[in-house]
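Notes for the structure review
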Amino acid sequence: MAALFTGKVLMANRERDEVETERELGRALENKVLLLYFASGQCPRCRQFSPLLKDFFLRLTDEFYVERASQLVLVYVSRDETEEQQSAFLRTMPKRWLAVPFGDAFKRELELRFAVSEVPAVVVLKPNGDVIVGNAVEEIRRVGPACFRNWQEAAELVDRNFLLAEDFDDWTRRSITEPIRRLKYKLDKKREAKKKERKAEGEESS
């Protein structure tokens with residue numbers, strides 16, 4: 001995947017950090033499904049979709065939702081009119097996102113290479129750069145995080161460390177307190193098991 005970005009610079013979404021060497025890019029992109037997100041913070045359709053994509057990404061990579069982050073990386077390819085607009089948009093998005101620097105001609109190369117004619121667009125790529133989905137916007141809207149399973153299988157990733165802490169089918173209906181309730185449930189089950197053990201021990205001694 002890093003071959004796609006050979007000689008290019010990507011910005012990490014943290015205080016203008018740059019991920020610019022081939023070795024750094026290799027670590028960031030190796031053995032992962034890559035999402036190229038073509039969008040603009042000023043586009044009405046993008047403003048509707050971006051919060052959904054943010055939630056989608058967090059549910060697959062944030063430790064609040066998953067036991068281990070899935071093998072997923074996202075690069076934002078901006079169509080914002082100014083650098084300030086791009087920066088303002090990225091401040092509202094996950095820190096794990098990467099971005100093509102504002103004004104970089106590489107953005108146009110990516111648009112042409114993947115035939116992006118409108119935004120929002122999410123191009124899904126294998127680690128070798130092959131296209132899995134030309135535009136996954138509707139799939140993400142319709143299926144949610146469950147679609148990552150299909151991408152992961154198509155990408156043939158080496159280490160399948162994907163493990164959601166929630167059921168895919170009703171992810172949109174779960175409240176944000178669900179992980180806390182799951183923890184409480186596990187603790188209650190442990191207490192119940194211990195009580196049964198003590199009761200059994202008491203019966204044996206009598």
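Now for a quick tour of the structure.

Reading the values: rules and limits
- Residues numbered from 1 in each chain as written.
- Predicted model: local features only at pLDDT ≥ 70, side-chain atom pairs only at ≥ 80, totals over all residues.
- Heavy atoms only, no water.
- Salt bridge = Lys/Arg side-chain N within 4 Å of Asp/Glu carboxyl O.
- Helix = DSSP H or I, 4+ residues; strand = E, 2+ residues; numbered from the N terminus.
- Buried < 20%, exposed > 50% of the residue type's maximum accessible area, 1.4 Å probe, protein only.
- Phe/Tyr/Trp six-rings, centres within 6.5 Å; stacked < 30°, edge-to-face > 60°.
- Expected span 1.5 Å × (residues − 1).
- Bend = angle between axes of the 7 residues up to and from the residue.
- Pairing = 2+ DSSP bridges.

Summed over the entire model, instances satisfying the criterion amount to 5 salt bridges. Ionic pairing is found between glutamate 111 and arginine 79, a salt bridge with its closest N-O pair at 3.0 Å. With a gap of 32 residues between them, glutamate 111 in helix 4 (residues 106-113) and arginine 79 in the loop between strand 5 (72-78) and helix 3 (83-91) connect regions that are remote in the sequence. Here arginine 79 falls in the partly exposed class, since its relative accessible area comes to 31%. Salt bridges here are not isolated pairs; linked through shared partners, they connect Arg79, Arg108 and Glu111.

Let us now look at the packing of aromatic side chains. Tallying each qualifying case throughout the model produces 9 aromatic pairs. Both rings, one in tyrosine 37 and one in tyrosine 76, keep their centres 6.0 Å apart while their planes meet at 45°; by these two values the pair is tilted. Of this pair, tyrosine 37 sits in strand 3 (residues 33-39) while tyrosine 76 sits in strand 5, placing them 39 residues apart in sequence. Owing to a relative accessible area of 0%, tyrosine 76 belongs among the buried residues under this scheme. With a centroid separation of 5.1 Å and an interplanar angle of 80°, the aromatic rings of phenylalanine 64 and tyrosine 65 are classed as edge-to-face. Tyrosine 65 gets classed as buried once you look at its relative accessible area, which sits at 12%. Feature note: the residues Tyr37, Phe49, Phe57, Tyr76, Phe89 and Trp97 constitute an aromatic cluster, connected by ring pairs.

The first and last C-alpha atoms of helix 2 (residues 44-61) sit 26 Å apart over 18 residues, in line with the 26 Å expected at 1.5 Å per residue. A maximum bend of about 30° is found in helix 2 at serine 50, where proline proline 51 lies one to four positions downstream. Within the sequence span of helix 2, burial applies to Cys46, Phe49, Ser50, Leu53, Phe56, Phe57, Arg59, Leu60 and Thr61.

Let us now look at the pairing of strand 3. In terms of burial, strand 3 is largely enclosed, as 7 of its 7 residues are buried. Burial of the side chains of strand 3 extends over both faces: Val33, Leu35, Tyr37 and Ala39 are buried on one face and Leu34, Leu36 and Phe38 on the other. Judged from the 7 bridges that link them, strand 3 and strand 5 form a sheet pairing that is parallel. The residue of strand 5 that forms the bridge with leucine 34 is valine 73. Bridge count between strand 3 and strand 7 (residues 121-125): 5 bridges; the pairing is antiparallel.

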